[in-house]
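Chains, contacts and geometry: an overview
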Amino acid sequence: IWAGEDVKTRDYIVALQHPVTTDIKHSIKMFELTLDALISFNKRTLVLFPNVDAGDKEMVRVMRKKGIEHHPNFRAVKHVPFDQFIQLVAHAGCMIGNSSCGVREVGAFGTPVINLGTRQTGRETGENVLHVRDADTQDKILHALQLQFGKQYPCAGFQGSCMIITRCFLLFFTPIVLTLSSLTHKFLEISRDYIYLIKDKNQKCIYCLPNVCNTYDYVLKLDLYGEIVKKYTQLNPKTYEDRLELILKMCIEAASEAVNVNCRILGVGISTGGRVNPREGIVLHSTKLIQEWSSVDLRTPISDALHLPVWVDNDGNCAALAERKFGHGKGVENFVTLITGTGIGGGIIHQHELIHGSSFCAAELGHIVVSLDGPECLCGSQGCIEAYASGIALQREAKKLHDEDLLLVEGMSVKKEEVVSAAHLIQAAKLGNTKAESILRTAGTALGLGVVNILHTMNPSLVILSGVLAGHYVNTVKDVINRQALSSVKTVDVVVSNLADPALLGAASLVLDYTTRRIY
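Reading guide: rules and limits
Residues numbered from 1 in each chain as written. Predicted model: local features only at pLDDT ≥ 70, side-chain atom pairs only at ≥ 80, totals over all residues. Heavy atoms only, no water. Axes fitted to C-alpha atoms, helices over the stretch in contact; angles between N-to-C directions. Helix = DSSP H or I, 4+ residues; strand = E, 2+ residues; numbered from the N terminus. Parallel < 35°, antiparallel > 145°, perpendicular 65-115°, else oblique. Left-handed = near helix turned anticlockwise from the far one by under 90°. Contact = heavy atoms within 4.5 Å. Nonpolar A, V, L, I, M, F, W, Y, C, P; charged D, E, K, R; others polar. Buried < 20%, exposed > 50% of the residue type's maximum accessible area, 1.4 Å probe, protein only. Pairing = 2+ DSSP bridges. Phe/Tyr/Trp six-rings, centres within 6.5 Å; stacked < 30°, edge-to-face > 60°. Lys NZ or Arg CZ within 6 Å of the ring centre and 35° of its normal.

With that settled, the discussion passes to the packing of helix α1 (residues 24-41) against helix α5 (residues 139-148). Contact pair α1 / α5: the axes reach a minimum separation of 8 Å and the direction vectors enclose 50 degrees. The orientation of α1 with respect to α5, classified from their angle, is oblique. By crossing handedness, the relation of α1 to α5 is classed as right-handed. For the pair formed by α1 and α5, the contact residues are Met-30, Leu-33, Thr-34, Ala-37, Leu-38, Ser-40 and Phe-41 on the first element and Ile-141, Leu-142, Leu-145 and Gln-146 on the second. In terms of residue class, the contact of α1 with α5 is made up of eight nonpolar, three polar and no charged.

Time to look at α5. Because an α-helix completes one turn every 3.6 residues, residues spaced three or four positions apart along the sequence face the same direction. Counting buried residues in α5 gives seven out of 10 residues, a clear majority hidden from the surface. Those residues of α5 lying buried are Ile-141, Leu-142, His-143, Ala-144, Leu-145, Leu-147 and Gln-148. Following α5 by one or two positions, Gly-150 has its phi on the positive side, about 85 degrees.

What the six strands build is an open sheet, ordered β3-β2-β1-β4-β5-β6; its pairing is parallel. In this open sheet, the two edge strands, each paired with only one partner strand, are β3 (74-77) and β6 (129-132). The sheet shows a mean angle of 20 degrees between the axes of neighbouring strands, direction not considered. As paired strands, strand β5 (residues 113-116) and β6 are joined by four bridges and run parallel to one another. Bridging across to β6, Val-113 finds its partner in Val-129. This element, α1, spans β1 (12-16), β2 (44-48), β3, β4 (94-97), β5 and β6 of the sheet and lies at about 170 degrees to β1. Against the sheet, helix α3 (residues 82-90) contacts β1, β2 and β4, and its axis sits at roughly 130 degrees relative to β1.

Once that is clear, we can look at the packing of aromatic side chains. Summed over the entire model, instances satisfying the criterion amount to two aromatic pairs. Note on Phe-41 and Phe-149: the rings are 5.4 Å apart at their centroids and 75 degrees apart in plane angle, and the pair reads as edge-to-face. Of this pair, Phe-41 sits in helix α1 while Phe-149 sits in the loop between α5 and β7 (156-159), and the two are 108 residues apart along the sequence. With a centroid separation of 6.4 Å and 50 degrees between ring planes, the pair formed by Tyr-240 and Trp-293 is classed as tilted. Residue Tyr-240 is located in helix α6 (residues 240-260), and its partner Trp-293 is located in the loop between β17 (282-285) and β18 (296-297); the two are separated by 53 residues in the primary sequence. Since its relative accessible area comes to 25%, Tyr-240 is described here as partly exposed. Trp-293 gets classed as buried once you look at its relative accessible area, which sits at 1%. If you follow Lys-78 out to its NZ or CZ, it ends over the ring of Phe-49, 5.6 Å from the centre.

Here it is, written out as structure tokens:
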């Protein structure tokens, strides 16, 4: 009745925000942005008036200025009896605001909470709470609503400031025979349609992280520092249906394993090739490297099957997040990551934040054009960095040399059934093949020119090269910067990543940053 007679369970929001007496101006601004975000989110919302503190009248004026009391999606009330209020938040799709109820009692029901501002700073919170400390526009709060609304978190009870986990694993019981019975380390992954299970021995939590890429699926077992302990490999399915089926199968096995080791899965993070809308969890478009991978909703089927929150992002963006959390980018305000592998990708961190761009196409660094008449790229253009410096590009050049009997030198051999690859080109160059050396130098120069363009555009203080080819390119890239870049950016640090697989660790970072309720 309070939210409307026609409102369904889990399909409404409870909003309760109070003034912060130590910073009234900021709390009023946050309240205004919250109302804007709720209006844009377009869900039935019960808004409770703020408590009687300094700044409450200003907040009420904001409500009336926005027309909240007369808006068809809103019910504004001054008081709800506590027993009825508890029922409301228990069945809500989300609670938003800065009330202590959100970070304490609501956790007992697993209701998603968005905690705004600093009013509850320092209090113990459950995994159902997502903190938005500050916002300049409604977008950050709106994104938080998109992430949280309708999720169902494990229930937790609170006594004082201590959280007591009481959730059972009923959601994860499936008629599956677990074959990976030895996987009890802190950090496990099944990847390239991989699943990572990250077990934090202190929190006893497991995070489930698939990653989708071309060619292979493999399983990595890592510790909490990102060191690979064990690796399993299998081919990546070619069709969307088979690929999604494999991801779900791995996730369910991971959930079963979580039960066996007395752990709980907090969420699913997916790192994938292609252009991704992380807000919706949809792969918008992919190049020919991954077949049948456009307009693919990854979040919905996985979240529905596992009853878990799911995060999805591009593998280059994930690599940048991994560097920010685990690698050379830790504490660095502005840096760029470039992945050199089968293709060329990347991610941009600006003022400590990941840049997605207006159409989620930021950091498609492999498609920076460095030559107007260069080789054709898989994107359909010509002269892209990827057309010169990717593993596919090097394989193409290696095959050309091999066809002309110019690849092999003393100490090398290629069996009849063996596919010529970039590795053969690199081996030939190391053994003194001047043509192979020239191809690698050209590839490194193309990458270097792309980096110079990035320096002139973004002016980062750090460039991180990652992937299997990074070590072969780093010196050439530095040389190109010294020759071609403006003097004001030549001091940039260019380093090779020390992370075993940044894209995978970035998927872990997606889950860790949100489900452990770090600042969003």
